[in-house]
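Chain by chain, the residues run as shown.
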Amino acid sequence: MDWEYSRETYSDDCTAQERFNRTEEILDFANMVFSVAYGGTDFGWLLPKAYAPQRSGLPIHHMIRSRGRGRIRALIDLYPLDLQLRGRPDRIRAVYVGTVAVHPNDTGRGYMTALMQRAVADARRQGCALMILDGARHRYQYFGFERAGIRYDFHIETNNIEHSYAKLCMKDTTFCFQELEEGSPYLDRLYGLYCNRLVTARSRGDFWLSLQSYNASAYAVLRCGEPVGYVCLSEDRRSLTEFEIMESGDLCGVLHDLMESFELGQLRVSVGMDETDKIEQLEYVCNSCSASTSHQIRILDYEAALAFLMNWKRQYAAPATGEYVVGIRDAQEGCIENYLLSVTEDKASVTRTEREADTVFDGMELIRILTTPLCFVQPQRGLGNKIKNAPAGWFPLPFYLPEADTF
């Protein structure tokens, strides 16, 4: 072979200059590849949470280099995430796959397949329950990834918010917005609001840099000079990609004053299906809404991942108590592993079982049917309904992370 594989991390055993030089080499390569394909790109600017100098030890770099010359020919980076359920010990390790790049002169040589196989094996060794990525769906299906989760997008125009604002008689309520900086005295309090989400993926040290992802702008929401929430606007200011407000009933007033302050004629607001209080408020003020899938995932540990998703569901819904056996067919070997899914008054659990399966999926089919809007189509299929015996309210399972958590 005229190439060699390397797995590299740039941690504290490197000098600051070595970390800078190695990260700069990776960024130069990734920026070149993406600039050829999509126009100007700067990953250091887009993702400071991973590529800022103080964060250079975080991503795991899987690379193919030319033998002898050592030049990068292909790259996959893995960004670690710990997903934590609010108020519960439930936690799973995950990795976000990003900065996927092959040199334009080396496409079609199998480099990406070789790297993805190694990245999956590495994630397993780290004890990850699942891998997450974004990109072209059918490209990544070859590597076992499938679209997961449900995201709601609410489309709000000025006249919507004006009418809603007037109906709620909120004219005496005024909110101001102060752009957040790294040393802002509000960050600790706002991170506390972030931790009220049903699932979190950031530590306090990750919080501010994560909010800067994709050149978004984060603002503290102030009322009478006191922080009562934060909002995160996309670079083009057309989308509100994340927000937390101390009192959910203030959301209409916050949106009204935000759109007025920044002279926004329209705004798209994205939330996950688990954010039920936000959904209710946003439905009231929006012109229209749409549902779509969120990210692509590959499950590596079905026991851990399914138990986590089911307990996530229990945080905002009331699935019936009961048991259900899901068979999962290995795509390569064809063998089937059966898993007993159980919901009690206290928790959901998943264990391997010898019991006969109520339904059998392959890995990607399970994700499609149990976590996406395709779940709602199943009852219409009669005998072809693959979840007809499932206990009430179990599916779809949630999976959605805000843009600041993506990579």
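Structure report, in brief. Owing to the predicted nature of the structure, the values given are computational and were not obtained by experimental measurement.

### So, the packing of aromatic side chains
Two descriptors summarise a pair of aromatic rings, namely the distance from one centre to the other and the angle between the planes of the rings. Summed over all chains, the structure comprises 18 aromatic pairs. Relative to Tyr339, the ring of Tyr302 has its centre 6.0 Å away and its plane inclined at 45 degrees; by these criteria the two rings are tilted. Here Tyr339 lies in strand E17 (residues 336–343) and Tyr302 lies in helix H11 (residues 302–314), a separation of 37 residues in the sequence. Both residues of the pair, Tyr302 and Tyr339, count as buried. Between Tyr324 and Trp394, the aromatic rings sit 6.4 Å apart at their centres with planes inclined by 85 degrees, giving edge-to-face as the arrangement.

### Here's the deal with the sheet that holds strand E10 (residues 217–223)
Overall, mixed pairing links the seven strands, which are arranged E8-E10-E11-E12-E13-E7-E14 in an open sheet. Strands at the two margins of the open sheet, each flanked by one partner only, are strand E8 (176–179) and strand E14 (288–292). The sheet shows a mean angle of 30 degrees between the axes of neighbouring strands, direction not considered. Relative to strand E13 (residues 266–272), strand E7 (residues 151–157) runs antiparallel, the two being bridged by seven bridges. Paired with Tyr152 across the bridge in E13 is Val271. This element, helix H9 (residues 251–261), spans E7, E8, E10, strand E11 (226–233), strand E12 (239–245) and E13 of the sheet and lies at about 135 degrees to E12. Lying on the sheet, helix H10 (residues 276–285) is in contact with E7, E12 and E13; it crosses E7 at an angle near 35 degrees.

### Topic: the sheet that holds strand E16 (residues 322–329)
The sheet built from four strands is open, its strands ordered E18-E17-E16-E19 with mixed pairing. This sheet does not close on itself; its edge strands, each paired only once, are strand E18 (348–352) and strand E19 (359–362). Ignoring strand direction, the axes of neighbouring strands in this sheet form an average angle of 30 degrees. Pairing analysis gives eight bridges linking E16 to E17, with the strands arranged antiparallel. Paired with Val326 across the strands is Tyr339, a residue of E17. Against the sheet, H11 touches E16, E17 and E18, its axis set at about 160 degrees to E18. Contacting E16 and E19, helix H12 (residues 363–371) crosses the sheet at an angle of about 115 degrees to E19.

### Regarding the pattern of salt bridges
In the structure shown here, the tally under the stated rule is 27 salt bridges. One salt bridge in this structure joins Asp188 and Arg204, with 2.7 Å as the shortest N-O distance. In this pair, Asp188 is assigned in helix H7 (residues 187–194) and Arg204 in helix H8 (residues 204–211), connecting sequence segments 16 residues apart. On the basis of relative accessibility, which here comes to 55%, the residue Asp188 falls in the exposed class. A salt bridge links Glu323 to Arg355; the nearest nitrogen and oxygen atoms lie 2.8 Å apart. Here the residue Glu323 occupies a position in strand E16, and Arg355 occupies one in the loop between E18 and E19, the gap between them amounting to 32 residues. Its relative accessible area of 43% is what places Glu323 among the partly exposed residues. Residue Arg355 is classed as partly exposed on the basis of its relative accessible area, which comes to 40%. A single salt-bridge network, built from bridges that share partners, covers Asp2, Arg73, Asp106 and Arg109.

Conventions we followed
- Residue indices follow the written sequence of each chain, beginning from 1 at its first position.
- Only residues with pLDDT of at least 70 get local features here, since the model is predicted, and only at 80 or more are side-chain atom pairs given and counted; chain-wide, interface and lining totals rely on the full set of residues.
- The basis for the side-chain values is all heavy atoms of the structure; hydrogens and waters are excluded.
- Ring geometry is summarised as follows: Phe, Tyr and Trp rings, the Trp one being its six-membered ring, pair when their centres sit within 6.5 Å, and such pairs are stacked at plane angles under 30 degrees, edge-to-face over 60 and tilted between the two.
- The way it works is that DSSP assigns letters per residue, a run of H or I at least four long becomes a helix, a run of E at least two long becomes a strand, and they are numbered from the N terminus.
- A simple rule labels every residue: compare its accessible area, found with a 1.4 Å probe on the protein chains alone, to the largest value its type can have, and call it buried under 20%, exposed over 50%, or partly exposed in between.
- Two strands are counted as paired when DSSP detects at least two bridges linking them.
- To get an axis, a line is fitted to the C-alpha atoms, and for a helix only the part in contact is used. The angle between two axes follows their N-to-C directions and goes from 0 to 180 degrees.
- Contact criterion: two residues are considered in contact whenever any of their non-hydrogen atoms come within 4.5 Å of each other.
- A side-chain nitrogen of Lys or Arg and a carboxyl oxygen of Asp or Glu constitute a salt bridge if their distance falls within 4 Å.

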